[in-house]
Amino acid sequence: MKLIKSLAFCSITLAWGLLFQEAAFSSNDIKLPKPVLKGKLSVEAGMLNKKSVRHFTTTPLTVEQVSQLLWAANGALPVDAISGATLKTLPSAGGIYPLEIFLLTGSGTVKGLPAGVYNYNSTSNSLVPISEEDSRMALAQAALSQLWLAGAPVIVVIAAAFSKTTAKYGNRGIQYVYMESGASNQNLYLQAEALGLRLGTVGAFNEAQVSAAMKIPTGVTPLLIVAIGK
Ligand SMILES: Cc1cc2nc3c(=O)[nH]c(=O)nc-3n(C[C@H](O)[C@H](O)[C@H](O)COP(=O)(O)O)c2cc1C
């Protein structure tokens, strides 16, 4: 009985850790450069020029560009002085923020960043290493063989822990999460334009295969794949 109780405790702790891994900063995490809060392109010009592409050059991205993109996708803003709430770059029903952002890079596709899968910790603006594998081809195959994805220098997967939102809103929370992933996607389009980068969004994929390629933990669902490059 004692053993069953300890096993149950370990599983719950592990699941909790995987789902709510934003809080702590560990020594393996890679601190990202601070996001720049002033750009050279107007929001209007960003919307005007935005375009989905399905081909990229081999020009590597910089860590600064990656930091800026991840911040746009799900970044934290300074804590609100009045409410004390931590705000993000996108709206979220009930201020719950269920989105999780994963980054996939190849060898040398981001200057100074090893290939692999990372989870973005928005609280500390850092990358939490998950795997050292360049799984871009596996991901492309999981996306119903949209093989152009494998040629992208970086791939961002917008995912979500639905239970965070449905715990408060029930089934209606499901649509809230989808709406929030759209806001994150649009932020990425605008930020990419401002950085002189291009991107392509992919929603056609096998969820289980994407989760396997990206080592996305149980309880977190991949919603959109966003391939980014020059
Ligand atoms: C939810 C969603 C899913 C999408 N899935 C795919 C996809 O699987 N493959 C693809 O090549 N493009 C995909 N797209 C990109 C659309 O095809 C693209 O946005 C559309 O053709 C309009 O082109 P534009 O983005 O350049 O304006 C998706 C876009 C969205 C918003």
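Residues numbered from 1 in each chain as written. Predicted model: local features only at pLDDT ≥ 70, side-chain atom pairs only at ≥ 80, totals over all residues. Heavy atoms only, no water.

Draft legend 1. Just the packing of aromatic side chains, in detail. Summed over all chains, the structure comprises two aromatic pairs. Here the aromatic rings of F162 and Y178 are separated by 5.3 Å at their centres, their planes lie at 65°, and the arrangement is edge-to-face. Note that F162 is positioned in helix α5 (residues 162–169) and Y178 in helix α6 (residues 172–194), a separation of 16 residues in sequence. Assessed through its relative accessible area of 47%, Y178 is described here as partly exposed. Seen from their ring centres, Y169 and Y176 are 5.1 Å apart, and the 85° between their planes marks the pair as edge-to-face. By relative accessible area, Y176 is classed as buried at 18%. (Phe/Tyr/Trp six-rings, centres within 6.5 Å; stacked < 30°, edge-to-face > 60°. Helix = DSSP H or I, 4+ residues; strand = E, 2+ residues; numbered from the N terminus. Buried < 20%, exposed > 50% of the residue type's maximum accessible area, 1.4 Å probe, protein only.)

Draft legend 2. A look at the environment of E132. In this fold, E132 is placed in the loop between β4 (126–131) and α4 (136–142). Apart from residues no more than four positions distant in its own chain, E132 is found in contact with A115 and G116. (Contact = heavy atoms within 4.5 Å.)

Draft legend 3. Just the pairing of strand β7 (residues 221–229), in detail. Counting buried positions along β7 yields eight of nine residues, so the element is predominantly enclosed. Direction of pairing for strand β5 (residues 154–160) relative to β7: antiparallel, over a ladder of seven bridges. Looking across to β7, one finds that V157 is bridged to I225. When strand β6 (residues 198–202) meets β7, the two strands line up antiparallel, connected through five bridges. Within β7, the position partnered with R198 by the bridge is G229. (Pairing = 2+ DSSP bridges.)

Draft legend 4. Structural view of the nonpolar core. Formed by 32 residues in total, the largest nonpolar core has its most connected members in L61, L70, L103, V156, I158, L188 and I228. Of all the elements in the fold, those that place two or more residues in this core are α3 (63–74), β2 (99–105), β3 (116–121), β5, α6 and β7. For this core, the element with the highest residue contribution is α3, accounting for six residues. Discounting chain neighbours no more than four positions away, the residues touching V156 are L70, I101, F102, L103, L188, L224, I225, V226 and I228. Among the nonpolar cores identified, the runner-up in size contains 25 residues, and V117, A150, I155 and A161 belong to it. (Core = buried A, V, L, I, M, F, W, Y, C linked by side-chain atoms within 4.5 Å.)

Draft legend 5. Here's a closer look at the packing of α5 against α6. Contact geometry for α5 and α6: axes closest at 7 Å, N-to-C directions at 135°. Taken together, the axes of α5 and α6 are oblique relative to one another. Note that α5 runs across α6; the crossing there is right-handed. Each of F162, T165, T166 and Y169 in α5 lies in contact with α6, whose residues at this interface are R172, G173, I174, Y176, V177 and Y178. Of the residues belonging to the contact of α5 with α6, the class tally is six nonpolar, three polar and one charged. (Axes fitted to C-alpha atoms, helices over the stretch in contact; angles between N-to-C directions. Parallel < 35°, antiparallel > 145°, perpendicular 65-115°, else oblique. Left-handed = near helix turned anticlockwise from the far one by under 90°. Nonpolar A, V, L, I, M, F, W, Y, C, P; charged D, E, K, R; others polar.)

Draft legend 6. A look at the site of the ligand. Residues in close proximity to the ligand include K50, K51, S52, R54, Q146, W148, T201, V202, G203, A204 and L224, which together make up its full environment. At 2.8 Å from a nitrogen atom of the ligand is found a side-chain nitrogen or oxygen belonging to Q146. Residue T201 places a main-chain N or O atom 3.1 Å away from a nitrogen atom belonging to the ligand. For the ligand, whose accessible area on its own is 630 Å², the fraction buried by protein is 52%. Residues that form the shell around the ligand fall into these classes: four nonpolar, four polar and three charged. (Near = heavy atom within 4 Å. Polar contact = N/O pair within 3.5 Å; in protein donor to acceptor, adjacent residues only side chain to side chain. Areas by Shrake-Rupley, 256 points an atom, 1.4 Å probe, with all protein chains shown as cover.)

By themselves these figures say nothing about function.
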